[in-house]
Amino acid sequence: MLRASAVCEEAGYPTSSLTCEGFLRQAVAISVGLGMPNIPVALVPGHVGTQSKNELRRNILEVTAERVIENLTRTLAAGSGNAEPGARDIIFKGGFKAVNRHFYEKELSDGLPIVPPTREDVEAFLRFTDRDPSEVLGTILPDQRAATIWSIAVNGVMAGCRPEYMPILVALVEAMADPAYGVEHSGNTPGSDTLIILNGPIIGQLGFNYTQGALRDGFMPNTSIGRFWRLYLRNVAGFLPRKNDKATFGNTWRVVLAENEDVLKKIGWEPNSVEMGFRAGDNTVTIGRYTGGGAFSSVSGSTPEQMLPYLVDSVLKYHTWQLLFTVSVGSGSLRPLLVITPLIAETIAKAGWSKADVKRYLYEHARLPAWEFERYLRDWTIRGVWNLEEEVRLGRMPKIFHESGDPNRMVPIVWKPEDYMIAVTGDPLRNNAYVFAHNGFLGYPVGKRIELPRDWQQKLAAPEPLVRLLTPEVIEQP
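Residues numbered from 1 in each chain as written. Predicted model: local features only at pLDDT ≥ 70, side-chain atom pairs only at ≥ 80, totals over all residues. Heavy atoms only, no water.

Chemist: Give me the lowdown on helix H6 (residues 149-158), citing residues and values where you can.
Modeler: It helps to recall that an α-helix has 3.6 residues per turn; residues three or four apart then point in one direction. The buried fraction of H6 amounts to ten of the ten residues, a majority that puts the element mostly inside the structure. Taken together, the buried positions of H6 are occupied by Ile149, Trp150, Ser151, Ile152, Ala153, Val154, Asn155, Gly156, Val157 and Met158. Just beyond H6, the residue with positive phi is Gly160, at close to 90°. (Buried < 20%, exposed > 50% of the residue type's maximum accessible area, 1.4 Å probe, protein only. Helix = DSSP H or I, 4+ residues; strand = E, 2+ residues; numbered from the N terminus.)

See below:
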């Protein structure tokens, strides 16, 4: 709403944005990011979802209405945003402890020690890309800062990445800046977080873990690149807790999921990169935002028909209110992700099943009675759009969602089989699976190709420079 208000105010039309009490600080932060720190807001006390009709009416009439009138009848006061240092300005000089204390106090770190981004270290990262340091990859909301190659290198240093990870970091920020992903929703209240899926030869070249403990920290590339994502959201996009980041509970950053392409090649299944439109063998990143999920520790059986019901059950258990992304807002944007171990994939493939066959099975069996589907939308998400018959009649949903008027008819939770995503990784000797519940268009999956520098192999083969033991004194703006 504030973005729409900013457009109207710039055009000379007064506005008043209704803002629930819990979002006032976010409204202030967003206004600053929009370059209009004084966008008028009108307080709605408490939370409208927990008030009776009489309570809500009283709060609106006694508190909100007066402020709306005031906002619409006065001139917007001129505001001044806080001036930020230049991209390459030195913002601090000092030892390691002093640097980390400064970065924490200025909300430039995630609470863990950061690697001081000295000019020397930043330039080491820049040697692993052919892009100009000043190149802008896009404007990142909500603070509308330019995403530059330089800022990527700075935050990569801070996250503890190695210089050779730089091509992956660039591809990630290109994905973050893609409008299809919707980075502006990164601070929404469900507290969903992004998972990065990596494909290509770069997995082996840089030593990513893709076997036992594939989503556990402790492996430098998987861990530090996952941390980079969250630092970049904080320092460039502007998602700060209790400000632009309104996660009710939230999650921390996730380590990178690297697919086991050795097994995929062995069983003849395409990697995730191919599903995202790239060629097998391309180095790619895929990002998607997930509200959570959970593990299923024992997918038993020796045939697909015996194993897949476990996956169906997990998909249905972890997708409830997320069905609003199937209909209502973001129609057709739900993309559930199933992560299965090599053992499960090999067992299914041994029976002659392709990954497309698995998706078709999920589509046909992960279904709900129509009345329950509508109940989730009507009662759990408080959405005005929940009638499947009406949505199909208006052409907003596929006909399969209303093939009859029987309220017990079974309907899928996605529009088509291809909406399911499947990744293969983890302990090769365990029959486990993990279902990630997707956040729809509020973090829609986006893939990008990783561009390697011209002399990639030579740079990887070059001996690592000696670690500089001097106290860091030159700290760059992140």
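What follows picks up the thread again.
Chemist: Explain the nonpolar core to me, using residue names and the numbers behind them.
Modeler: By size, the foremost hydrophobic cluster in this structure holds 54 residues, and its most contacted members are Ile152, Ile168 and Ile225. Excluding residues that lie within four positions of it along the chain, Ile168 makes contacts with Leu198, Ile202, Leu206, Phe208, Ile225, Val285 and Ile450. Counting 46 residues, the second-largest nonpolar core is a separate cluster that includes Ile344, Ile400, Ile413 and Tyr420. (Core = buried A, V, L, I, M, F, W, Y, C linked by side-chain atoms within 4.5 Å. Contact = heavy atoms within 4.5 Å.)

Chemist: Provide a residue-level description of the packing of helix H12 (residues 304-318) against helix H14 (residues 355-365), including the pertinent values.
Modeler: At their nearest, the axes of H12 and H14 sit 10 Å apart, and the two run at 55° to each other. One way to sum up the angle between H12 and H14 is to call them oblique. The handedness of the crossing between H12 and H14 is right-handed. Facing H12, whose interface residues are Glu305, Leu308, Pro309, Leu311 and Val312, H14 presents Val358, Tyr361, Leu362 and His365. Of the residues in the contact of H12 with H14, the class split is seven nonpolar, one polar and one charged. (Axes fitted to C-alpha atoms, helices over the stretch in contact; angles between N-to-C directions. Parallel < 35°, antiparallel > 145°, perpendicular 65-115°, else oblique. Left-handed = near helix turned anticlockwise from the far one by under 90°. Nonpolar A, V, L, I, M, F, W, Y, C, P; charged D, E, K, R; others polar.)

Chemist: I'd like to hear about the packing of aromatic side chains, residue by residue, with values.
Modeler: Counted according to the given criterion, the structure contains eleven aromatic pairs. Measuring from centroid to centroid gives 6.2 Å for Phe128 and Trp456, while their planes differ by 85°, and the two rings are edge-to-face. Of this pair, Phe128 sits in the loop between helix H5 (119-126) and strand S4 (136-140) while Trp456 sits in helix H17 (residues 456-461), placing them 328 residues apart in sequence. Comparing Phe128 with Trp456, the two get one shared label, buried. Note on Phe228 and Tyr232: the rings are 5.6 Å apart at their centroids and 40° apart in plane angle, and the pair reads as tilted. With Phe228 and Tyr232 both in helix H9 (residues 220-237) and four residues apart, this pair spans about one turn of that helix. Grouping aromatic residues by their ring pairs yields a cluster made of Tyr290, Tyr434 and Phe436. Sitting above the plane of the Trp386 ring, Arg378 keeps its charged end 4.9 Å from the centroid. (Phe/Tyr/Trp six-rings, centres within 6.5 Å; stacked < 30°, edge-to-face > 60°. Lys NZ or Arg CZ within 6 Å of the ring centre and 35° of its normal.)

Chemist: Outline the side chain of Arg409, supporting the account with residue identities and numerical values.
Modeler: Here Arg409 shows up in the loop between helix H16 (388-393) and strand S11 (410-412). Buried charge without a salt bridge: Arg409, with Glu374 as the nearest opposite-charge side chain at an N-O distance of 4.9 Å. Reaching out from Arg409, the side chain makes a polar contact with the backbone oxygen of Ser404 at a distance of 3.3 Å. Discounting residues that sit within four places of it in the chain, Arg409 has contacts with Leu368, Pro369, Ala370, Leu388, Phe401, His402, Glu403 and Ser404. (Lys, Arg positive; Asp, Glu negative; His and termini not counted. Salt bridge = Lys/Arg side-chain N within 4 Å of Asp/Glu carboxyl O. Polar contact = N/O pair within 3.5 Å; in protein donor to acceptor, adjacent residues only side chain to side chain.)

On their own, these measurements won't tell you what the molecule is for.
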